[in-house]
Amino acid sequence: MNNQQLFSSSDRGLAYGDGFFTTALVSGGKVQLWPLHRDRLVKCQQRLCFPALPLNDIESLVEQQVKDIDKGVLKILITRGSGGRGYQPPKSPELNINVQVLPYPEHYVAWQQQGIEVELSRIQLGIQPLLAGLKTLNRLEQVLIKQDALNMSCDDVIVTDIHNQVIEASAANIILIKAGHVYTPDLSNSGIKGVFLSSLETQLTITTIKLSFDELKAADGVFICNSLMQLVPIVRIDDKMFELTHLQALKSRYLGK
């Protein structure tokens, strides 16, 4: 394991996005939902045909980095290292594993308390089942989404795929409540299933559905979530308004958070 802070210009993560990562909430010197983050790393390693990860070494390094952190963000980034011929990876890659602790995005606290306004992104996600669900280093779609959102009058955006199916927010999953049932969009062809959503699914019955933007707006309440922001209510989707007190009641009744 090579835990280098600066990657070489020949690193495949830099050259081809040949790698993956996870970001986790650190609270009181502990990584929240660590088993699920570890499982995410292993899932990426297996599906991208990386060699087995040195999980014990990674966990020791993580514990050392976060032990004195009251609140922050852990980021683990893994690449296939250097080598290979063009796109073809080396037969025996030496992984580069980078562990960082970053400041917590404080605006998430206001989002949790006040809710956010969202609009429909003009950038759509492509269809690629081989990479769907994986948090790879190929995040140019999200870069374009964030760039485009700067010109919109909202806090975040709802993103659809090229078939106009709702997938996610710019960096979070979507949870909606309709007639007493909890739903989340189908991510089998694009998007990322976050660790926080996976954790909720161990506690609640959440049904995966194909969803149009108009159907999303017709929900009784909508939330976005990831491991850092946790659950954030949406008070406006395009021209549809939601009462914050109603959303808070739905959250307490159906989401248990």
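What this report covers is the structure whose coordinates are included nearby.

What counts as what
Residues numbered from 1 in each chain as written. Predicted model: local features only at pLDDT ≥ 70, side-chain atom pairs only at ≥ 80, totals over all residues. Heavy atoms only, no water. Helix = DSSP H or I, 4+ residues; strand = E, 2+ residues; numbered from the N terminus. Buried < 20%, exposed > 50% of the residue type's maximum accessible area, 1.4 Å probe, protein only. Expected span 1.5 Å × (residues − 1). Arc of directions from axis to C-beta. Contact = heavy atoms within 4.5 Å. Core = buried A, V, L, I, M, F, W, Y, C linked by side-chain atoms within 4.5 Å.

1. Comments concerning unusual backbone geometry
- Positive phi is not limited to glycine here, since Leu33 has a value of about 60°.
- Note on placement: Leu33 falls in the loop between β2 (30–31) and α2 (34–47).
- A relative accessible area of 30% means that Leu33 is categorised as partly exposed.
- The backbone phi angle of Asp238 is positive, close to 60°, even though this residue is not glycine.
- Among the structural elements, Asp238 can be located in the loop between β12 (230–237) and β13 (240–241).
- The class for Asp238 is partly exposed, based on a relative accessible area of 34%.

2. Describing α2
- An ideal rise of 1.5 Å per residue puts 20 Å on 14 residues; α2 measures up with 20 Å between its terminal C-alpha atoms.
- Of the positions making up α2, those classed as buried are Trp34, His37, Arg40, Leu41, Cys44 and Gln45. Buried residues of α2, seen end-on, are gathered within an arc of 135° and therefore sit on one face of the element.
- Taken together, the buried residues of α2 touch β1 (19–27), β2, α3 (55–66), β3 (71–79) and α6 (195–201).
- Phi turns positive one or two residues past the end of α2, at Cys49, with a value near 60°.

3. A closer look at the nonpolar core
- Judged by nonpolar contacts, the single largest core of 40 residues is most densely connected at Leu216, Val222 and Ile224.
- Among the elements that make up this core, the one with the highest residue count is β12 (5 residues).
- Excluding anything up to four places from it in sequence, Ile224 contacts Trp111, Ile116, Asp156, Ala169, Ala172, Asn173, Ile174, Met229, Gln230, Leu231, Val232 and Ile234.
- Formed by 21 residues, the second largest nonpolar core is a distinct cluster that contains Val31, Phe50, Leu53 and Ile76.

4. So, the environment of Glu106
- Along the polypeptide, Glu106 turns up in the loop between β4 (96–102) and α4 (107–114).
- Expressed as a C-alpha distance, the spacing of Glu106 and Ser199, which sit 93 residues apart in the sequence, is 22 Å.

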